[in-house]
Amino acid sequence: MQFKEKYGKYALVTGASSGIGKEFAYLLAERGVNPILVARREERLKEISSGIISKYNVESPFFKVDLSEEQSYKTLFQLTEKYDIGLLINNAGFGYYGRFINQNEEKQEKMIKVNVFTFAMLTKVFSKYFVEKGRGGIILVSSLASFQPTAGMALYGATKGFELLLGEAFYEEIKGKNVDVTVLCPSATLTEFQSVAEGVPHKGMKARDVALYGIKKLGKNVITIPGFGNKIVGKLYRFFPRSFIRWATKIVLGGYLKD
Ligand SMILES: NC(=O)c1ccc[n+]([C@@H]2O[C@H](COP(=O)([O-])OP(=O)(O)OC[C@H]3O[C@@H](n4cnc5c(N)ncnc54)[C@H](OP(=O)(O)O)[C@@H]3O)[C@@H](O)[C@H]2O)c1
């Protein structure tokens, strides 16, 4: 079955103003699906929406919503009710490098609200809607960091661990309801992530390749890791004691623990 026939005409993409979310929006439009874009930077959304509309001749409504606001998941659900959405790309999120006890509390709170609270509640309201309709798909964008404790970005890693566990458990709960659930776990990807997270820029996969992998694996794998090397790392975790994994991650991210 074609992607559009399976998931319907509209898809909601959170965090569509840059990086992986933006690429998801383009890839969905390429498949004839109308992507609905959500983020805070309205000008960016407008620009991306115009680019998508002129290239693929689809609709691409956009909404400026701050997902760190407590009621934002309800607002977003109401704003998009008229669109018959069949796919949720729950992608918006951000990281924060540094020592947990010294980090800015306002930024920490925002990260918990976006990566955990709104992420979970959006998943809940849309999956309920999909189950009632009898079809749908959800891609939850977590991280390879979800498999390990991440000293150097402890809170971020914990939020990503939450997302992975929620997605996996929730997949089991709604199995058989014709709603596909895939947790996409990318490693380093070339986006604005590093600058927002106050980290040192490093190499990574192209955001388009990550998003494309997520689309290909939807309905096939519950957990999916883009990139050959990343996949190997994902498989290696089970062979090492957690104490070793904690130590190795601290070595890699230790530069952020200097304060
Ligand atoms: N890049 C990586 O290395 C990497 C690795 C593993 C996992 N991930 C995950 O991939 C996802 C996408 O990140 P990315 O790499 O594409 O980073 P990005 O380029 O910084 O994109 C993040 C997106 O989230 C949106 N966002 C952040 N806070 C928001 C808020 N309060 N309300 C609404 N939207 C908000 C941003 O839009 P506005 O700023 O316009 O609001 C932006 O569109 C995240 O969940 C991240 O954890 C990334």
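The sections below set out a description of the structure shown in this document. (Residues numbered from 1 in each chain as written. Predicted model: local features only at pLDDT ≥ 70, side-chain atom pairs only at ≥ 80, totals over all residues.)

1. Let's talk about the site of the ligand
Around the ligand, a shell composed of 31 residues is seen, among which Gly15, Gly19, Arg40, Gly93 and Phe193 lie nearest. Secondary-structure elements contributing two or more residues to the shell around the ligand are α2 (19–30) and α7 (193–196). Per-element accounting of the shell around the ligand gives the leading share, three residues, to α2. Looking at side-chain class alone, the shell around the ligand contains 13 nonpolar, 13 polar and five charged residues. (Near = placed C-beta within 6 Å. Helix = DSSP H or I, 4+ residues; strand = E, 2+ residues; numbered from the N terminus. Nonpolar A, V, L, I, M, F, W, Y, C, P; charged D, E, K, R; others polar.)

2. What about the pairing of strand β6 (residues 179–184)?
Judged by how many residues are buried, β6 sits mostly within the fold: six of six residues are covered. Covered by surrounding structure in β6 are Val179, Val181 and Val183 together with Asp180, Thr182 and Leu184, the residues of both alternating faces. Bridge count between strand β5 (residues 136–141) and β6: six bridges; the pairing is parallel. Counterpart to Ile138 in the pairing with β6 is Val181. A crossover links β5 with its parallel partner β6, the connecting element being helix α6 (residues 154–174), and its sense is right-handed. Relative to strand β9 (residues 223–224), β6 runs parallel, the two being bridged by two bridges. Considered in β9, the bridge of Leu184 is made with Thr224. (Buried ≥ 20, exposed ≤ 12 C-beta atoms within 10 Å, placed from the backbone. Pairing = 2+ DSSP bridges. Right-handed = clockwise from strand over helix to strand, strands pointing away.)

3. Here's the deal with the packing of helix α4 (residues 72–79) against helix α5 (residues 105–133)
Where α4 contacts α5, the two axes come as close as 9 Å, and the packing angle between them is 35°. As α4 runs across α5, the sense of the crossing is right-handed. Here Ser72, Tyr73, Leu76 and Phe77 of α4 lie close against α5, whose contacting residues are Thr118, Met121, Leu122 and Val125. Here the residues of the contact of α4 with α5 sort into six nonpolar, two polar and no charged. (Axes fitted to C-alpha atoms, helices over the stretch in contact; angles between N-to-C directions. Left-handed = near helix turned anticlockwise from the far one by under 90°. Contact = placed C-beta atoms within 7 Å.)

4. A short note on the environment of Lys177
Here Lys177 is to be found in the loop between α6 and β6. Classification of Lys177 by C-beta neighbours within 10 Å gives partly exposed; the count is 16. Separated by 46 residues in the primary sequence, Lys177 and Val131 have C-alpha atoms spaced 6.1 Å apart.

5. Some details on the nonpolar core
The biggest cluster of nonpolar side chains holds 62 residues, and the ones touching the most others in it are Ala11, Val13, Ala25, Leu37 and Val38. By residue number, the principal contributor to this core is α2, which donates seven residues. Not counting residues within four places of it along the chain, the set of residues in contact with Ala25 comprises Val13, Ala16, Pro35, Leu37, Ile48 and Ile52. (Core = buried A, V, L, I, M, F, W, Y, C linked by C-beta atoms within 7 Å.)

6. Considerations on the packing of α5 against α6
Where α5 meets α6, the closest approach of the two axes is 10 Å, and the angle between their N-to-C directions is 10°. When the interaxial angle is binned, α5 and α6 end up roughly parallel. Touching Gln108, Met111, Ile112, Asn115, Val116, Phe119, Ala120, Thr123, Ser127 and Val131 of α5 are Leu155, Tyr156, Thr159, Phe162, Glu163, Leu166, Phe170 and Ile174, all from α6. (Parallel < 35°, antiparallel > 145°, perpendicular 65-115°, else oblique.)

7. Description of α5
Between its first and last C-alpha, α5 extends 40 Å over 29 residues, near the 42 Å set by a 1.5 Å rise per residue. A maximum bend of about 35° is found in α5 at Lys113. Looking only at α5, the buried set comprises Met111, Val114, Asn115, Thr118, Phe119, Leu122, Thr123, Phe126, Ser127 and Phe130. Elements in contact with the buried residues of α5: β1 (10–14), α4, β4 (85–90), β5, α6 and β6. (Expected span 1.5 Å × (residues − 1). Bend = angle between axes of the 7 residues up to and from the residue.)

8. A closer look at the environment of Leu67
Considering the arrangement of structural elements, one finds Leu67 in the loop between β3 (62–64) and α4. Overall, the presence of 25 C-beta atoms within 10 Å leaves Leu67 in the buried class. Here the alpha-carbon distance between Leu67 and Thr14, two residues 53 residues apart in the chain, equals 8.8 Å. Setting aside its immediate chain neighbours within four residues, Leu67 contacts Thr14, Ser72, Ala92, Val114 and Thr118.

9. Describing the pairing of β1
Sheet faces and side chains relate simply in a regular strand, where the side chains alternate between the two faces. Here β1 lies mainly inside the structure; five of its five residues are buried. Burial along β1 is two-sided: Tyr10, Leu12 and Thr14 and Ala11 and Val13, pointing in opposite directions, are all buried. Alignment of β1 against strand β2 (residues 34–39), held across five bridges, turns out to be parallel. Counterpart to Ala11 in the pairing with β2 is Pro35. Traced from β1 through α2 to β2, the parallel crossover comes out right-handed. In the sheet, β1 pairs with β4 via four bridges, with the strands oriented parallel. Bridge pairing in β4 places Val13 opposite Ile89.

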